[in-house]
Structures are given as structure tokens and as C-alpha cells.
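Report on the structure
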Amino acid sequence: MSDPTVSTVLLLVVAAFAAGWIDAVVGGGGLIQLPALLLAFPAAAPAQLLATNKLSSVWGTVTSAVTYGRRVRPDLRTALPMAALAYAGAIGGAVIGLHIPKAAFDPIILVLLVAVGLYTLLKPALGEVTRLRWAGARHTSAAMVVGFVIGVYDGALGPGTGSFLVFALVGLLGYAFLEASAKAKIANAATNLGALTVFIPGGHVMWGVGLTMAAANLVGGYTGARIAVARGSGFVRVVFVLVVGAFVVRIGGGLLGVW
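Below, the structure is looked at part by part. Keep in mind the model is a prediction, meaning the values are calculated, not measured. Residue positions are given per chain, counting from 1 as you read along its sequence in written order. Local features in a predicted model are, by the rule used here, given only for residues with pLDDT of at least 70; side-chain atom pairs are given and counted only at 80 or more, and totals for whole chains, interfaces and linings are based on all residues. Hydrogens and water molecules were not included; the side-chain quantities draw on all heavy atoms of the structure.

1. Comments concerning a nonpolar patch on the surface
Patches in this entry comprise residues that are over 30% relatively accessible and not in a salt bridge; like charges within 9 Å are linked, as are nonpolar side chains (Val, Leu, Ile, Met, Phe, Trp, Tyr) within 5 Å. Only the protein chains shown count as cover for residues, and the accessible areas themselves come from Shrake-Rupley with a 1.4 Å probe. Note on definitions: salt bridges are taken to be side-chain nitrogens of Lys or Arg within 4 Å of carboxyl oxygens of Asp or Glu. On the surface, Phe 17, Trp 59, Ile 200, Trp 207, Leu 211, Leu 218 and Val 219 cluster together to form a nonpolar patch covering roughly 620 Å² of accessible area. If you tally residues by element for the nonpolar patch, the top one is helix α9 (residues 207–231), at four residues. A helix here means a DSSP run of H or I that spans at least four residues, while a strand means a run of E at least two residues long, and both kinds are numbered starting from the N terminus. The residue Leu 211 is located in helix α9 in this model.

Laid out in C-alpha cells, this is it:
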């Protein structure tokens, strides 16, 4: 594989920064980073693109998780068990992802995103304040199931994982958007690490490109988390709806052959 040009590297750096920012606010930065990597390296194997995307993303998600942790202080009694199951799910998902065609997931992702977007739009009060649906062990168990299922998805494919985590925490468990984003970042960092547990020993990571993108993703993650904390749940909700809508257009257009 030939070395990327300067213009290609600049494209990847911009994409990584934007992905880190979006990931920090509502998740879903992989839907920016992965297409950029595919454009830059059309001959690369899918596993290489997924692995390099994870290497870049983990720096931004860890940075935003730490930033949220200091400012929002999410309840780690829920967040850490959810992250542990997300890590385990991502390892299994990454193994699955090495053997299945990625195009098979697009129709499923599109349906899920449309459902998530419509549900959020039709419930304007959703995620304004935290109203937990369960307490104690039931609440933690539900969070762990969410972490594992979305972890498997993230390991196998990945794009939109952060958005699905935020929605599950808001719509299923009853968190406000800001607190949901804080917990989602912890779980998302775990899923990225889980996938890398499989991808790194397999030699799939493009290290030079991945580390360059990681620096930009880290800055984007820090910036996005600071802005989200300052603006609150209302801002996160608006960005969430816009990002989900953009993903629906992008994936739907791809399936219809528009681009």
C-alpha cells in the first residue's frame, strides 16, 4: 500500500477531529472517519479500516470520558459494569466482524436510526431530566445488557455506536441526555479497547495513519465534551437529532445508489 499524500493526510486529520467532536457530544463519529479512511485507502482490507478507525477513536473517547467524569460525575456503579460488558461484547463482535460482509448491516442500521430519530422527535421532553425507570440491581442489569449488545455491534461494525448508547440510556433507562452522554463515553471507550484487543494482535492496524488521526480525534473529543457540558442536555438533544438525521441521509442514499 502506497504512502498517503499530504492532502490525504489533511483530509484524515480533519475527519478525525470532526469525528472526535461528534463522538464526544452524541456519538457516531465513525460514520465520518470510516468513509474518510475508505476514500484514502480504497485497496485496504475492511479489517484494516475498522482497526485504524478504532485506534483513532479510542483516544477521543477516553479523553471525553475523563472530561465528562470530572464535570458531570456519572454514577460509576452503573457505568463501570456496563463498560465491562461492553468490552466483552466488543471482543466477540470484532471476531465476528472479521468474517461477515459489512454491507449486510446497512439496512439494519438505517431502520434503527430512523426509529431512534422519530422516537426522539415525537417525545420532545425525552432526555430533559433524569427519571430512572428502575433502581438497584435491575437498573444495573439493564445497563449491562445494553453495554453487551451494543458492544457486540461496535466490535463487528461500529458506526453509530455512541448514538445508540446515548439513545438506550435515555429512552430505555431514563437518563437526561447530558448524563447519558457521560456514561456512553465510558462504555464507548471500553468497546474501542475491546475491538483493539482483537485487531492489534491480528496485525490489522495501520499505525502511522492511526496515530496521526488519534491526535486530531483527541483534540476533537476534548473540545466536544467541554462544549456539551457547558451547553447542557438541550444542546446534546439538538445535536443528537441532527446527527441521526445526517446518518439516515448518508446510509439511505448509499443504499439507493445516490452516492
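2. With respect to helix α5 (residues 106–122)
Every helix has an expected span of 1.5 Å times one less than the residues it contains. The end-to-end C-alpha separation of α5 is 24 Å, in line with the 24 Å expected for 17 residues at 1.5 Å each. Each residue is placed in one exposure class: buried if its accessible area under a 1.4 Å probe, protein chains only, is under 20% of its type's maximum, exposed if it is over 50%, and partly exposed if it falls in between. Within α5, the full set of buried residues consists of Ile 109, Leu 110, Leu 113, Val 116, Gly 117 and Thr 120. The buried residues of α5 all sit within an arc of 135 degrees when viewed along its axis, so they share a single face. Among the exposed residues of α5, those oriented more than 90 degrees off its buried face are Val 111 and Leu 122. Elements in contact with the buried residues of α5: α6 (136–156), α7 (161–172), α8 (177–199) and α10 (233–256). An arc is given here, and it is the one of the directions from the helix axis to the C-beta atoms. Whether two residues are in contact is decided by their heavy atoms: any pair within 4.5 Å suffices.

3. Details of the packing of helix α1 (residues 6–25) against α9
Between α1 and α9, the least distance of the axes is 6 Å, while the angle of their chain directions is 35 degrees. Here α1 runs over α9; the crossing is right-handed. Residues are grouped as follows: Ala, Val, Leu, Ile, Met, Phe, Trp, Tyr, Cys and Pro are nonpolar; Asp, Glu, Lys and Arg are charged; all remaining types, including Gly, are polar. Within the contact of α1 with α9, the residues separate by chemical class into 16 nonpolar, seven polar and no charged. Axis lines are fitted to C-alpha atoms, over the contacting stretch for helices. Their N-to-C directions set the angle, which ranges from 0 to 180 degrees. Note: crossing handedness is left-handed where the near helix turns anticlockwise from the far helix by less than a right angle, and right-handed where it turns clockwise.

4. Quick notes on the pattern of salt bridges
What the rule picks out here adds up to three salt bridges. As a salt-bridge pair, Asp 154 and Lys 54 come within 2.4 Å of each other at their nearest N and O atoms. With Asp 154 in helix α6 and Lys 54 in helix α3 (residues 46–71), the pair connects residues that are 100 residues apart, well separated along the chain. Judged by relative accessible area, Asp 154 falls into the buried class, the value being 1%.

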